[in-house]
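# Structural description and commentary
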Number of protein chains: 2
Amino acid sequence: MEELERVYRHIDEHLDEHIERVRRLIQQPSVSQTGEGVIECAEMLKDWLLNLGCSHVELAEPEYFWPIIYGEYNAGAEKTLIIYGMYDVQPVEPELWDYPPFEARVVERPPFKRVLIGRGAINTKGPMAAFLNAFESIQQAAGELPVNLIFVFEGEEERGSVSMPKFIRDYEQRLKRADGVYFPICSQDRNGLARPSLGSEGILYIELETNGSLWGRGPTQFGVHGGLKRILDSPAWRHIKMLSTLVSDDGNKVEIEGWYDDIVVPTEEDLRLLREGYRKSTPAVEVFDPEILKEMLKVKCFKYDLEKPEDILREMLFSTSFNLDGIWGGWTGPGTKTLLPHKVVSKHNIRFVPKQDIDDLFRKIRAHLDKHGYKDVALRKLAGYPWALVDYKNPVAESLYDVFEEFGVKYTIYPPVANPTLTSPAWPAYVFAGEPLKLPIAGGALGHGGLAHSPNEYIVIEGCEAKYGYIYGLDGVEKSMASVLYHFAQR
Amino acid sequence: MEELERVYRHIDEHLDEHIERVRRLIQQPSVSQTGEGVIECAEMLKDWLLNLGCSHVELAEPEYFWPIIYGEYNAGAEKTLIIYGMYDVQPVEPELWDYPPFEARVVERPPFKRVLIGRGAINTKGPMAAFLNAFESIQQAAGELPVNLIFVFEGEEERGSVSMPKFIRDYEQRLKRADGVYFPICSQDRNGLARPSLGSEGILYIELETNGSLWGRGPTQFGVHGGLKRILDSPAWRHIKMLSTLVSDDGNKVEIEGWYDDIVVPTEEDLRLLREGYRKSTPAVEVFDPEILKEMLKVKCFKYDLEKPEDILREMLFSTSFNLDGIWGGWTGPGTKTLLPHKVVSKHNIRFVPKQDIDDLFRKIRAHLDKHGYKDVALRKLAGYPWALVDYKNPVAESLYDVFEEFGVKYTIYPPVANPTLTSPAWPAYVFAGEPLKLPIAGGALGHGGLAHSPNEYIVIEGCEAKYGYIYGLDGVEKSMASVLYHFAQR
């Protein structure tokens, strides 16, 4: 494509400016947990979109915390793509960073000649700015975009995208005009292997609390002397007994009635994709190395002593889990304070899969507690959203595969329900994939970054060779994003 | 007794000096956990004993932390009494006190006209100084003491009296000459009712830890992303399952094999004492008011819905308990961090009764864990000592009853294994009551104080009327202690 070649050349020629624009977006804090700089960042993006020629940009009123930037760009094209982005970032612990987290410094970090260090560098303000650079490059080098765009940039992804469902309802008529959703993020891992983001598993995060006040037994308002256990009931022991009814002795099977009833994964096709891949992708079972995971996590074995890549992948992608994330109660300091606690709390993160339903699972937990005599135990939903089942053959995803193939990048496609390496961002795919929009979706591009949520978060600016091929720098990120638009326009 | 009358008069006439001496001892910090002032306090007491005419005083080398002050006073009397005392105190949180904790200020605290506020005021440097005042008053008013004394003042009571067993072995020949042990502390509660200290229950404090490193499964060195529960075992769930095997569903019965085998309490005599009292004491069942306990602890009911005073007392005094004092692991902060913890720890305080054996119980816990497949779970003993069975008819105790009757104080005697209100100090009675000394023991005197271990710890300096009779001030404390020595000499 002649046009795309011109775009690539334009990117190469303006790379220094583009790096500066990426830096500028990252330099603007936007911490959704604390509110630091969020509004300023939203305004900055609104101006940016207006400057790029969007016909309409607004800060949509969020249901909970921060505005969602809605923008429309009309290229007079046949197809329209929603560009989903998140402009909020996680809090920083400045003392743990090698450089100020909002300075966005570009430094050498072997094996990379240049990386940009900063909060949001990879998750996901770096790729977001790269997309806007690519957008501008197409305008300037090719005259006009091959597709119309609708921008949806939310500021609450790190808080669970809680305002998105209402936004989708409010903007349904406008969003319905789109033919697909594209999430411009970097897909390459440290080995250079790319993995597109498709659907996601469902997440439910709950808290359970047993306390004497609700129970009506044992100490009710404060912990009392531990010697009083001789005459008092213990809410702490009750919590232990209650928890132990939830899972099997090995901790791996959920013992709640009907928990596994509605599961429809893996399908035959899911398993075939794992084993055989699709198009020129590498089958996941070929590139999945359990030993690397063991070394990274410092584990000696997987549950059920799984050893075969396919079996491990199957659990990672298609199983539901009921995790005990944290528990606390009573005296947790040094020494031997004797205390009969009046309450114990535990946190639990549940991962679920199609077609389990988040509300139904929540009800089943409640019903289990009630049935086992724990009506008094408090069950609180802290966060959660449903799974998103995304067809890996959809036109946005196919466009992304086109790009990987065009650039000679090795890639693998996981069946679309989970995020098995836990290193690329989870995202609220369900708001687009589910009712009422039911749009095809894909996320990804060339490029690599890491340490999302951690100190020294980075994105690679200048790439290098790696185990599975070349890791692209910022120019590759932008070129591949531009290319996705062209491929999508032609499908 | 003419002599004792002179002693009482001497105490009345020198009360202001005596208060100052009590203050001076409390003003000297002696925090055994931190070491603050402990040696200085030991030296101060050594000098005090030498000044009182002890023929031999030494700071016995402790096995663990702080010296035990050993002193001998020879009155040329027929009988010898060991005076046990503890000169160490709990740490302070100065910001929570109304007055500096080591100032020992004397203030009005209704209903008391004068109380002394300070760390150690009641537990137990206040009563210890009062005893030394009484000792001196006898010398000065009566010429000589009616009994020989051996002083054993330890500096590690708040750390579990860990050096005492070795001290007893080292000093066995000298301690064997004694006819009994007296612990000079105040016995009256807020209602004016007195309760002598006799034996004590046994205590075992343990920690249990499940971790992936010992188990060889799940995350071993650090918590990993909670989503990995899909492929990894969970040490946290394992800890819950392990704990749930330890007690019955209601949390009240210990499910460890042989746990209840060796229990010999309550005897018929124990129960008769509860119901009928002894000498002029008031039977415990008559003065025990479950409603006061409910109000104080903010509980609605006791375990098994016990309502009758005798049944509640029976559990408080004669039952063994396995308490869950605290538990922690994983993410315990706000929000929804998803984490698969690599370990969970819980603390447990076990109360046991004659003739359960502390080492045997520890072994039974280990055996239970092993038998149920939890060989990898770490079991640590943090503290503990055996029960002490003390005959309530022994001559030291009888001397104390004599004093209560002489002063017209209402008193009640609990069977000698436990400390049911948990407000008077537990103490290592076992080192004297058990092998090799097997001495008769009692602790107590007139007087009242409270808030041991807490801010604003106090001892009453000037008494007042209360529900069950007069609460004595410092003069009464000293007089009653002097009187105990005379009554003991005559028995």
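Our subject is the structure listed above.
Since this is a predicted model, take the numbers as computed values, not measurements.

### Looking at the overall build of chain A
- Of regular secondary structure, chain A possesses 16 helices and 18 strands.
- In summary, chain A has a C-alpha radius of gyration of 24 Å against a globular reference of 23 Å for 491 residues, a match within 12%.
- Along the first, second and third principal axes, the C-alpha set of chain A runs to 85 × 50 × 45 Å.
- With 491 residues in all, chain A has 65% of them scored as buried.
- Sequence-distant contacts in chain A: of pairs separated by 6 or more residues, those separated by 24 or more amount to 78%.
- Of the roughly 17,700 Å² of accessible surface on chain A, 47% is carried by carbon and sulfur atoms.
- Positive and negative side-chain charges in chain A, numbering 55 and 73 respectively, have mean positions lying 6 Å apart.

### Focus: the pattern of salt bridges
- Scanning all chains against the criterion turns up 76 salt bridges over all chains.
- One salt bridge connects glutamate 435 of chain A with lysine 438 of chain A, and the closest N-O pair in it is separated by 3.7 Å.
- Residue class for glutamate 435 of chain A comes out exposed when judged on its relative accessible area of 63%.
- Since its relative accessible area comes to 54%, lysine 438 of chain A is described here as exposed.
- Salt-bridge contacts for arginine 105 of chain B lead to glutamate 103 of chain B; the nearest nitrogen and oxygen are separated by 2.6 Å.
- The class of glutamate 103 of chain B is partly exposed, set by a relative accessible area of 26%.

### A closer look at the interface of chain A and chain B
- Counting from both sides, the interface comprises 79 residues of chain A and, opposite them, 79 residues of chain B.
- Summed over both partners, the interface of chain A with chain B comes to about 6,600 Å²; 59% of that surface belongs to carbon and sulfur atoms.
- The largest share of the area that chain A buries against chain B comes from Arg230, Ile231 and Trp237 of chain A, three residues that together contribute 15% of it.
- Along the contact surface separating chain A from chain B lie 6 salt bridges.
- On inspection of chain A and its partner chain B, the count reaches 40 residue pairs in polar contact (both at pLDDT 80 or more).

### Some words on the nonpolar core
All names here are of chain B.
- Leu149, Phe151 and Phe432 are the most contacted members of the largest nonpolar core, which has 105 residues in total.
- By residue number, the principal contributor to this core is helix H4 (residues 125–142), which donates 10 residues.
- With near-sequence residues (within four places) excluded, leucine 149 lies in contact with Gly71, Glu72, Tyr73, Leu81, Ile83, Phe131, Phe135 and Leu485.

### Considerations on H4 of chain B
- With 18 residues, H4 of chain B ought to run about 26 Å at 1.5 Å a step, and its terminal C-alpha atoms sit 25 Å apart, in line with that.
- Most of H4 of chain B sits out of view: 17 of its 18 residues are buried.

### Quick notes on unusual backbone geometry
Residues and elements named next belong to chain A.
- Cis geometry is found at the peptide bond from proline 354 to lysine 355, where omega equals 0°.
- As for its position among the elements, lysine 355 is in the loop between strand S12 (343–352) and helix H13 (358–371).
- Here serine 161, not a glycine, exhibits a phi torsion of approximately 50°, which is positive.
- Backbone geometry places lysine 298, a non-glycine residue, at a positive phi of 55°.
- Inspection of the secondary structure puts lysine 298 in the loop between helix H11 (290–297) and helix H12 (309–318).
- A residue is classified by how much of its surface remains accessible, and lysine 298, at 28% relative accessible area, is partly exposed.

### Remarks on the packing of helix H1 (residues 2–13) of chain B against H4 of chain B
Residues and elements named next belong to chain B.
- Remark: H1 packs on H4, axes separated minimally by 8 Å, with the N-to-C direction vectors making an angle of 120°. Pair H1 / H4 crosses with right-handed handedness. Here Glu3, Arg6, Val7, His10 and Ile11 of H1 come into contact with H4, specifically with Ser137, Ile138, Gln140, Ala141 and Ala142.
- Along the lines of polarity and charge, the residues of the contact of H1 with H4 split into 5 nonpolar, 3 polar and 2 charged.

### Digging into the relation of the copies chain A and chain B
- It takes a turn of 180° to lay chain A on chain B, together with a shift of 0.0 Å along the axis; the resulting RMSD is 0.1 Å. Such a combination of rotation and displacement between the chain copies is what one expects of a two-fold axis. Nearest to the rotation axis, the C-alpha of tryptophan 328 of chain A is located 2.2 Å from it, this being the minimum over chain A.
- With an isologous cut-off of 70% or more, the 100% of interface residues of chain A that recur at the interface of chain B puts this contact in the isologous class.

### Let's talk about the pairing of strand S3 (residues 80–86) of chain B
All names here are of chain B.
- Here S3 lies mainly inside the structure; 7 of its 7 residues are buried.
- What you see with S3 is no split at all: Thr80, Ile82, Tyr84 and Met86 on one side and Leu81, Ile83 and Gly85 on the other are buried throughout.
- Pairing geometry for S3 and strand S6 (residues 148–154), over 7 bridges, is parallel. Each residue of the ladder has a partner; that of glycine 85, found in S6, is phenylalanine 153.
- Pairing analysis gives 3 bridges linking S3 to strand S7 (residues 180–183), with the strands arranged parallel.

### Focus on the sheet that holds strand S4 (residues 105–109) of chain A
Residue and element names in this part refer to chain A.
- Ordered in space as S4-S5-S16-S15, the 4 strands form an open sheet in which the pairing is antiparallel. Of all the strands in the sheet, just S4 and strand S15 (449–450) have a single pairing partner and so form its edges.
- Here 4 bridges tie strand S5 (residues 112–117) to strand S16 (residues 458–462), and the two strands are oriented antiparallel to one another. Its bridge partner being in S16, valine 115 is matched across the sheet by valine 460.
- Across the face of the sheet, helix H2 (residues 15–27) comes into contact with S4, S5 and S16 while running at roughly 35° to S5.

### With respect to the pairing of S6 of chain B
Residues and elements named next belong to chain B.
- Among the 7 residues in S6, 7 count as buried, and that is most of the element.
- Alternating residues of S6 divide into Asn148, Ile150, Val152 and Glu154 and Leu149, Phe151 and Phe153, and every residue in both groups is buried.
- Bridge analysis of strand S2 (residues 68–73) against S6 gives 5 bridges, and the strand direction is antiparallel. Along S6, the bridge assignment pairs isoleucine 69 with phenylalanine 153.

Rules used throughout
- Residues numbered from 1 in each chain as written.
- Chains lettered and ligands numbered in written order.
- Predicted model: local features only at pLDDT ≥ 70, side-chain atom pairs only at ≥ 80, totals over all residues.
- Heavy atoms only, no water.
- Helix = DSSP H or I, 4+ residues; strand = E, 2+ residues; numbered from the N terminus.
- Rg over C-alpha atoms; globule rule 2.2 N^0.38 Å.
- Buried < 20%, exposed > 50% of the residue type's maximum accessible area, 1.4 Å probe, protein only.
- Contact = heavy atoms within 4.5 Å.
- Areas by Shrake-Rupley, 256 points an atom, 1.4 Å probe, with all protein chains shown as cover.
- Lys, Arg positive; Asp, Glu negative; His and termini not counted.
- Charge placed at Lys NZ, Arg CZ, Asp CG, Glu CD.
- Salt bridge = Lys/Arg side-chain N within 4 Å of Asp/Glu carboxyl O.
- Buried area = accessible area lost by both parts, 1.4 Å probe.
- Polar contact = N/O pair within 3.5 Å; in protein donor to acceptor, adjacent residues only side chain to side chain.
- Core = buried A, V, L, I, M, F, W, Y, C linked by side-chain atoms within 4.5 Å.
- Expected span 1.5 Å × (residues − 1).
- Axes fitted to C-alpha atoms, helices over the stretch in contact; angles between N-to-C directions.
- Left-handed = near helix turned anticlockwise from the far one by under 90°.
- Nonpolar A, V, L, I, M, F, W, Y, C, P; charged D, E, K, R; others polar.
- Least-squares fit on C-alpha atoms with pLDDT ≥ 70 in both.
- Pairing = 2+ DSSP bridges.

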